Amino acid sequence: MIFTVILFVITAAYASVTAYADEAEPHIPEWIPDFTQYYTDGLLTADEYTTAIRYLLDEDIIYLGEPPQTDNPELVYGTVTRNVDGNTIHIDDVIIRIPLVDVEDSGNYTKPHAVLAKLLCPVGSPAQYDIDDKQRQDKYERTIAVVYCNTELHLGEIMIGFGLGWINDYWCDRSEFEFADWTYGSCRH
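Residues numbered from 1 in each chain as written. Predicted model: local features only at pLDDT ≥ 70, side-chain atom pairs only at ≥ 80, totals over all residues. Heavy atoms only, no water.

*Asks:* Break down the environment of Tyr140 for me, with residues and values.
*Replies:* As for its placement among the helices and strands, Tyr140 is situated in the loop between strand S5 (126–131) and strand S6 (143–148). Placed 43 residues apart in sequence, Tyr140 and Arg97 show a C-alpha to C-alpha distance of 9.6 Å. (Helix = DSSP H or I, 4+ residues; strand = E, 2+ residues; numbered from the N terminus.)

*Asks:* Give a description of the state of the cysteines that names residues and reports values.
*Replies:* Linking two cysteines covalently via their sulfur atoms produces the bond known as a disulfide. Counted according to the given criterion, the structure contains two disulfides. One disulfide bridge connects Cys121 with Cys149, the sulfur atoms lying 1.9 Å from each other. Around the S-S axis, the bridge from Cys121 to Cys149 shows a dihedral of about 110 degrees and counts as right-handed. Here Cys149 lies in the loop between S6 and helix H5 (155–161) and Cys121 lies in the loop between helix H4 (112–120) and S5, a separation of 28 residues in the sequence. Comparing Cys121 with Cys149 shows no difference in burial state: the two are buried. (Disulfide = S-S within 2.5 Å. Buried < 20%, exposed > 50% of the residue type's maximum accessible area, 1.4 Å probe, protein only.)

*Asks:* Would you mind going over the packing of aromatic side chains in detail, with residue names and values included?
*Replies:* In the structure shown here, the tally under the stated rule is four aromatic pairs. Between Phe35 and Tyr49, the ring centres sit 5.8 Å apart and the planes meet at 20 degrees, which makes this aromatic pair stacked. Of this pair, Phe35 sits in helix H2 (residues 32–40) while Tyr49 sits in helix H3 (residues 46–58), and the two are 14 residues apart along the sequence. Like Tyr49, Phe35 is buried. Taken together, a centroid distance of 4.8 Å and an interplanar angle of 90 degrees make the contact between Tyr170 and Trp171 edge-to-face. For Tyr170, a relative accessible area of 46% translates into the label partly exposed. Looking at Trp171, the relative accessible area reads 31%, which means it is partly exposed. An aromatic cluster is present here, built from Phe35, Tyr39 and Tyr49 joined pairwise through their rings. The ring of Tyr170 carries Arg174 above its face, with NZ or CZ at 4.2 Å from the centroid. (Phe/Tyr/Trp six-rings, centres within 6.5 Å; stacked < 30°, edge-to-face > 60°. Lys NZ or Arg CZ within 6 Å of the ring centre and 35° of its normal.)

This is the structure we're talking about:
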């Protein structure tokens, strides 16, 4: 079965490279949520999933863009000190909750969203964040902010693109990011 999955990845990756060869825009191929489902269903181990995603990132089959511009006054720069899961991360001494995005079984470190977040934002790596001006903290006193781990796409956007997260519209009217493109219209009433 694993061979079939790997064959699927290689075939899809080749098709994706061909489709995106001339593009410099960040993109997550449409088939990635299907591939992630193999891991979610237990057909791939965490190591196999991580190895495959690392390969796809290294080959720019999944291209997450360049780091945000350093002259952006909205961004706070720091270093990842702990990566909890796909929607909570520590940067320096700040505990950050990603705005609007929920993940299944938040806080479970073995779930695909946690594995992906640790791969993209490993401890010790540089990161940037933009605090949500409409809701600066949640009830647990975590800072609400969009987080970039040296990519143009932020962590919440990546979770959604991988099929591991979704927009919780309960928070839409409480967030400055409610009308951002990455919400895919979920917050537009």
